[in-house]
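# Per-entry structural report
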Amino acid sequence: MSVRLATQVLSDSMAKGIIFYRDHEGIESLKDSHETQQFVEIFNKTFDALNRKYPAEGIRINSHDFDVLNETYTWINLWESNVKHKLIPEEEYLTKNTAEGLRVTIRSTIELSTYLLKECGFKYVLSSKMNQDRLELFFGMTRQATGPNDHPTTPTFLQVYKMLSIYSILKPPKTGNCKILEKNTPKITIDDIKSIFVEDSAKKSEKILKLQNKLDSLLTTGELEVEDVFENDIHNYCTPYKSQVSDCVIYYISGFVCKHILKHTKCVVCINAIKGKTYSSKSEAAFTNLKSKVKLIHPNEHFYRLIVAIENSFSKNCNKMSVFEDTFDDVLDNNAGLLIFPCSEHKNEILMFILKYYITTRMRQYSNMENKNQQKINSKKKKSAKLVIT
């Protein structure tokens, strides 16, 4: 069992995904998914309340987390009551052990937090500390010490316990619903990996400089200079079409790239040229509007169309050996009208950063996806090879 994977399924992103594909895409199999969406949202809020790790989000007196836990407790009881009154079949309810475990966890968290806050004078309570990770780590190391013996006897366990009490070089298990709490162990850093490719750094810098010079020469032409960047849909008061899922995803990623650029610039003209409004009624912004809690950034229309052009160029060249150079050249050759920027002081720097950052990010993501697919293929080949008699 992996709690990390379970929490990804029962998460706010999953609930928003169900809403997006049901309402925006109109997926037929999701037309009756409102209860599933509610189920995911309830467990997501409950997980958050039970996993407060930092003082800023800790449970305090009159905290909203108490309301969430009490509502979840009442919801479980109501669900069970519907089963007892034959309103829903028993197959659509939790198992008895799961339901009782949830009740015990929720009630104990509420009562212990209340006691610590009111009786002991605690300012806040970190609910993530109420766990059995240390005990599970210990049993994981004990099983590891016994080697292939998955069911150690009592004498074996006592012997391993005494050994671990005085000396231990064992690592905690990589899987399971526990995590490593000691962070001072040596790890491989990104600098270690970068050092492997240090011999190619000069050649790489030379290529980037060559591409930057080509971009500079293109942007200095007079016909590409503009003073302002306006939204194309300034008079579009309705959405006559429904965007594809890919368009919504690219719009969402454009906001992410925009946020990354805003960390490196304070120029007001540059910010206005890439950042849009806090809300957009565009069809492409449907997914971003669902995910946003007034914190996600909507990209400028011109900036979004530039990202779309880069993505289209990358899609055409992603399987080539020189994907970076070919994508870069394709964007410059076929999208000259998009390579405009109102800030004459920073236009070369910003546009170069956009192209370089997005292409390298997509190359990394595409490589990871291809590696995972190749691993699945190799795994199937190994299983098939075992069936062949040699």
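Model, not experiment: these values are computed from the prediction. (Residues numbered from 1 in each chain as written. Predicted model: local features only at pLDDT ≥ 70, side-chain atom pairs only at ≥ 80, totals over all residues. Heavy atoms only, no water.)

## Some points on the overall build of the protein chain
- A tally of helices and strands in the protein chain yields 15 helices and zero strands.
- Classification of the 390 residues of the protein chain by burial places 35% in the buried group.
- Considering only intrachain contacts with a sequence separation of at least 6, the fraction spanning at least 24 residues in the protein chain is 68%.
- Here the protein chain has roughly 26400 Å² of accessible surface; of this, 57% comes from carbon and sulfur atoms. (Helix = DSSP H or I, 4+ residues; strand = E, 2+ residues; numbered from the N terminus. Buried < 20%, exposed > 50% of the residue type's maximum accessible area, 1.4 Å probe, protein only. Contact = heavy atoms within 4.5 Å. Areas by Shrake-Rupley, 256 points an atom, 1.4 Å probe, with all protein chains shown as cover.)

## Quick word on helix α5 (residues 96–118)
- In a regular helix each residue adds 1.5 Å, so 23 residues correspond to 33 Å; α5 covers 33 Å between its end C-alpha atoms and thus fits that length.
- Where α5 is concerned, the buried positions are Ala99, Leu102, Arg103, Ile106, Thr109, Ile110, Ser113, Leu116 and Leu117.
- Considering only its buried residues, α5 is in contact with α3 (34–49) and α4 (64–84). (Expected span 1.5 Å × (residues − 1).)

## Side note on the pattern of salt bridges
- Overall, the coordinates contain 13 salt bridges when judged by the stated rule.
- Among the ionic pairs, arginine 103 bridges to glutamate 80, the shortest N-O distance being 2.4 Å. Of this pair, arginine 103 sits in helix α5 while glutamate 80 sits in helix α4, and the two are 23 residues apart along the sequence.
- Its relative accessible area of 22% is what places glutamate 80 among the partly exposed residues.
- We note a salt bridge from lysine 282 to glutamate 284, for which the minimum N-O separation is 3.5 Å. Each member of the pair, lysine 282 together with glutamate 284, is buried. (Salt bridge = Lys/Arg side-chain N within 4 Å of Asp/Glu carboxyl O.)

## Regarding the packing of aromatic side chains
- Counted under the stated rule, the structure contains 18 aromatic pairs.
- Centre to centre, the rings of phenylalanine 39 and tryptophan 75 are 5.9 Å apart; their planes meet at 55 degrees, and the pair counts as tilted. A residue pair is termed long-range when its members are at least 10 positions apart, and phenylalanine 39 in helix α3 and tryptophan 75 in helix α4 qualify at 36 residues.
- You can call phenylalanine 39 partly exposed: its relative accessible area is 24%.
- Every member of this aromatic cluster is reached through a ring pair, and the members are Phe39, Phe43, Phe47, Trp75, Trp79 and Tyr93.
- If you follow arginine 107 out to its NZ or CZ, it ends over the ring of tyrosine 73, 5.1 Å from the centre. (Phe/Tyr/Trp six-rings, centres within 6.5 Å; stacked < 30°, edge-to-face > 60°. Lys NZ or Arg CZ within 6 Å of the ring centre and 35° of its normal.)

## Some remarks on a nonpolar patch on the surface
- There is a patch of nonpolar side chains on the surface, built from Leu112, Tyr115 and Met130 and spanning about 270 Å² of accessible area.
- When you line up the elements, methionine 130 lands in the loop between α5 and α6 (133–145). (Patch = residues over 30% accessible without salt bridge, like charges linked within 9 Å, V, L, I, M, F, W, Y side chains within 5 Å.)

## Brief notes about the packing of helix α13 (residues 301–317) against helix α14 (residues 323–334)
- Between α13 and α14, whose axes approach to 9 Å, the crossing angle comes to 135 degrees. Judged by the inter-axis angle, α13 sits oblique to α14. Crossing angle aside, the handedness with which α13 passes α14 is right-handed. Residues Ala309, Ile310, Ser313, Phe314, Lys316 and Asn317 of α13 lie in contact with α14, whose contacting residues are Val323, Asp326, Thr327, Asp330, Val331 and Asn334. (Axes fitted to C-alpha atoms, helices over the stretch in contact; angles between N-to-C directions. Parallel < 35°, antiparallel > 145°, perpendicular 65-115°, else oblique. Left-handed = near helix turned anticlockwise from the far one by under 90°.)

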